[in-house]
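As a plain string of letters, each chain reads:
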Amino acid sequence: MSHHIVEVIDLEYSYPDGTPALGGVSFTVTHGESVALVGSNGAGKSTLLLHLAGCLVPQSGEVRIGHLPLTKKTIPQVRRNIGMVFQDPDDQLFMPLVYDDVAFAPLNLGFPPEEVEQRVVNALNTVGATHLRNRPPYRLSGGEKRRVAIATVLSMSPSVLFMDEPTSNLDPRARRELIGLLKRFEHTRIIATHDLDMALDVCTRTIILKNGSVIADGPTVDILGNEKLLHTGGLEKPLRLQGCPVCNNN
Amino acid sequence: MSTISSSLFDVNHLDALSNQTTCIHRLDPRVKLLATVVFIVSIMSLDRYQISALMPFAIYPIFLIALGNLPFKYLLRKVLLAAPFAFLIGIWNPFLDSNVSFHIGPVGISGGWLSFASIMIRFALTVFTVLALIATTGFNAVCMALERLGVPRGFVVQLLFLYRYIFVLTEEAGRMARARSLRSFDGKGMGIRVFGSMIGNLLLRTLDRAQRIHIAMLSRGFDGEIRLAYPLKVNRRDILFLSGWTALFILLRLFNLPYLLGDMFSGLAK
């Protein structure tokens, strides 16, 4: 049995005020796949991610992570295997020092002190943030915060990574470095994003959501090259696949 | 607007001061905290008309400020900022307690004025010392020390979260205040009504953020208990610091040093 498989079967959800958010979403992501979840604002990306992270319980349909159905009972068990990186690092980094934040999950999982230390060192090393170890989070730049936020979930060695807009609000170089980092990961990854150029670099597969349903699911290159399909989803071609703005030819 | 941003800058400054590495900064936070507690208790337990016995205690904050490389003027500004509170508490004493206790030339000094002066001196000494403690230790380390010394964890975690998010909150409030003032002309739009809705908005945003933080904690295995891994080690210098100062505070509390010295000198003169 693999912990790395994510299955969503006919998932439906409406917000407490009755607004429908997801209407029958289904897909399966297998071991090591890297999937971009795209769609216009309000398409249901964040709601879907909240379900995958076990923060919302399906009203109908099912979410299975590593063949374990996500229910109230299994949530603690499932959460050991998933790493959720939220969009705003200020929500993710709530401890006094970077070290505490990265050690938060391993300490909760009950590892002995040496193991916790080792995991923190490894996680910070992976994201290139070893030097930030003893800094308070409010003293970090946007790019540094993002790296540390990723380290906070890497330290629990999850099988699956879920990310919400990992490249938002970053300067071009920090964004480029983050893309390099995401490409190196071997986890199963599901990345909700508006940054289609990043999707092109990092993800082999793309799922387009529209009004809470999947309207396309396939190889990234095919989907992001299909202008008509993107238009239906309220999206545009990635900038690199559009014509040059100076010589204006396609 | 500017006051919000600048007070944030001030918190930042206090935080930056705690990142130095003087001999005071290197002491174990628990030791500094305990010494400060003994200091405060000694001062507070003195008789309410006491002034002369308070004076020698000033050596402790002076010691911390000098060896901790702290900017005196900056700390003084902070102390003055808090002074009105102590002033309002003490200022009624001269009216309530008007028994003349001694004379300076023809002017009679009442017990009320004495206790008022005593309150202000105690206030200055304690606030200076606590600020110096935070500036040489850092707020987080003080919280950690509190926790190690047996203060309930829930209370300590509240303090830590308060400190973590005060930066986020003041930035958010600063941005809102800036956006408002940029679109308010001739004092319009600066009234209490807009202010009220801004505060409400800020509260709602805060609740939203609290919810997101809670989700972030849950997805990393939070089970209601915050675990902190801090190896703190007490060495000889720490013990020396604590025992030396504690002994001095207790001595100064039991014996009025300026009075004894005065006695001694007048004895010698005779």
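In this text, all values refer to a predicted model and were calculated from it rather than measured experimentally.

## Side note on the interface of chain B and chain A
Tallying the contact residues gives 29 residues for chain B and 29 residues for chain A. Roughly 2,600 Å² of surface becomes buried between chain B and chain A when both sides are summed, with 56% attributable to carbon and sulfur atoms. Counting across the interface, chain B meets chain A through 6 salt bridges. The salt bridge involving D91(A) is made with R212(B); its shortest N-O contact spans 2.4 Å. Joining chain B to chain A, the criterion identifies 11 residue pairs in polar contact (both at pLDDT 80 or more). Secondary structure elements with two or more residues in the side of chain B that touches chain A: helix 1 (2-17), helix 8 (153-182) and helix 9 (192-218) of chain B.

## Digging into the environment of N201(B)
Here N201(B) lies in helix 9. Along the backbone, N201(B) and M176(B) are 25 residues apart, and their C-alpha atoms lie at a distance of 9.6 Å.

## Some thoughts on the sheet that holds strand 3 (residues 34-38) of chain A
Across a sheet, paired strands are connected by hydrogen bonds in the backbone, their directions being either parallel or antiparallel. Residues and elements named next belong to chain A. In space, the 6 strands of this open sheet follow the order 6-7-8-3-9-10, with mixed pairing throughout. The sheet is open, and its two edges are formed by strand 6 (82-85) and strand 10 (213-219), each paired on a single side. When strand polarity is set aside, the average angle formed by the axes of neighbouring strands in this sheet is 15°. Note: strand 3 against strand 9 (residues 205-210), 4 bridges, orientation parallel. From the neighbouring strand, L37 faces strand 9, where its bridge partner is I207. Where helix 1 (residues 45-52) meets the sheet, its contacts fall on strand 3, strand 6, strand 7 (160-164), strand 8 (188-192) and strand 9, and the angle it forms with strand 7 comes to roughly 150°. Relative to strand 6, helix 6 (residues 142-154) is tilted by about 165°, and along the sheet it contacts strand 6 and strand 7.

## Quick word on the pattern of salt bridges
If you walk through the whole model with that rule in mind, you get 22 salt bridges over all chains. Here D15(B) ties to R139(A) by a salt bridge, and the two come within 3.2 Å at their closest N and O atoms. Linking D15(B) in helix 1 with R139(A) in the loop between helix 5 (113-126) and helix 6, this pair reaches from one chain into another. Two residues, R175(B) and E172(B), come together in a salt bridge whose shortest N-O distance is 3.9 Å. In this pair, R175(B) and E172(B) both sit in helix 8, 3 residues apart, roughly one turn of the helix. Classification of R175(B) as partly exposed rests on a relative accessible area of 46%.

## Regarding the side chain of N256(B)
Residue and element names in this part refer to chain B. Positionally, N256 belongs in the loop between helix 10 (236-254) and helix 11 (257-269). Judged by its relative accessible area of 19%, N256 is buried. Only 3.1 Å separates the side chain of N256 from the side chain of S52, close enough to count as a polar contact. The contact partners of N256, leaving out residues within four places of it in the chain, are Q50, S52 and A53.

## Some points on the pairing of strand 10 of chain A
Residue and element names in this part refer to chain A. Note: strand 9 against strand 10, 6 bridges, orientation antiparallel. Opposite R205, over in strand 10, you have P219 as the bridge partner. Here strand 9 hands over to strand 10 after 2 residues, with N211 in that stretch at a positive phi of 45°.

## Notes on helix 10 of chain B
All names here are of chain B. Compared with the 27 Å implied by 1.5 Å per residue over 19 residues, the 27 Å span of helix 10 between its first and last C-alpha is a close match. Where helix 10 is concerned, the buried positions are D238, F241, W245, T246, F249 and L252. The buried residues of helix 10 occupy an angular sector of 130° when projected down its axis, which confines them to one face. Away from the buried face of helix 10 by more than 90 degrees, exposed residues R236, I239, L240 and L254 are located.

## Describing the domain arrangement of chain B
Residue and element names in this part refer to chain B. Split into domains, chain B comes out as domain 1 (19-150 + 230-255) and domain 2 (152-224). In this structure, domain 1 and domain 2 have C-alpha centres spaced 33 Å apart. With both sides pooled, the region where domain 1 packs onto domain 2 buries about 660 Å², and carbon together with sulfur makes up 75% of that total. At the boundary of domain 1 with domain 2, the tally comes to 1 salt bridge. One salt bridge connects R153 with E147, and the closest N-O pair in it is separated by 2.3 Å. In terms of residue class, the side of domain 1 that touches domain 2 is made up of 3 nonpolar, 2 polar and 1 charged.

Definitions and limits used
Residues numbered from 1 in each chain as written. Chains lettered and ligands numbered in written order. Predicted model: local features only at pLDDT ≥ 70, side-chain atom pairs only at ≥ 80, totals over all residues. Heavy atoms only, no water. Contact = heavy atoms within 4.5 Å. Buried area = accessible area lost by both parts, 1.4 Å probe. Salt bridge = Lys/Arg side-chain N within 4 Å of Asp/Glu carboxyl O. Polar contact = N/O pair within 3.5 Å; in protein donor to acceptor, adjacent residues only side chain to side chain. Helix = DSSP H or I, 4+ residues; strand = E, 2+ residues; numbered from the N terminus. Pairing = 2+ DSSP bridges. Axes fitted to C-alpha atoms, helices over the stretch in contact; angles between N-to-C directions. Buried < 20%, exposed > 50% of the residue type's maximum accessible area, 1.4 Å probe, protein only. Expected span 1.5 Å × (residues − 1). Arc of directions from axis to C-beta. Domains from an automatic or database assignment. Nonpolar A, V, L, I, M, F, W, Y, C, P; charged D, E, K, R; others polar.

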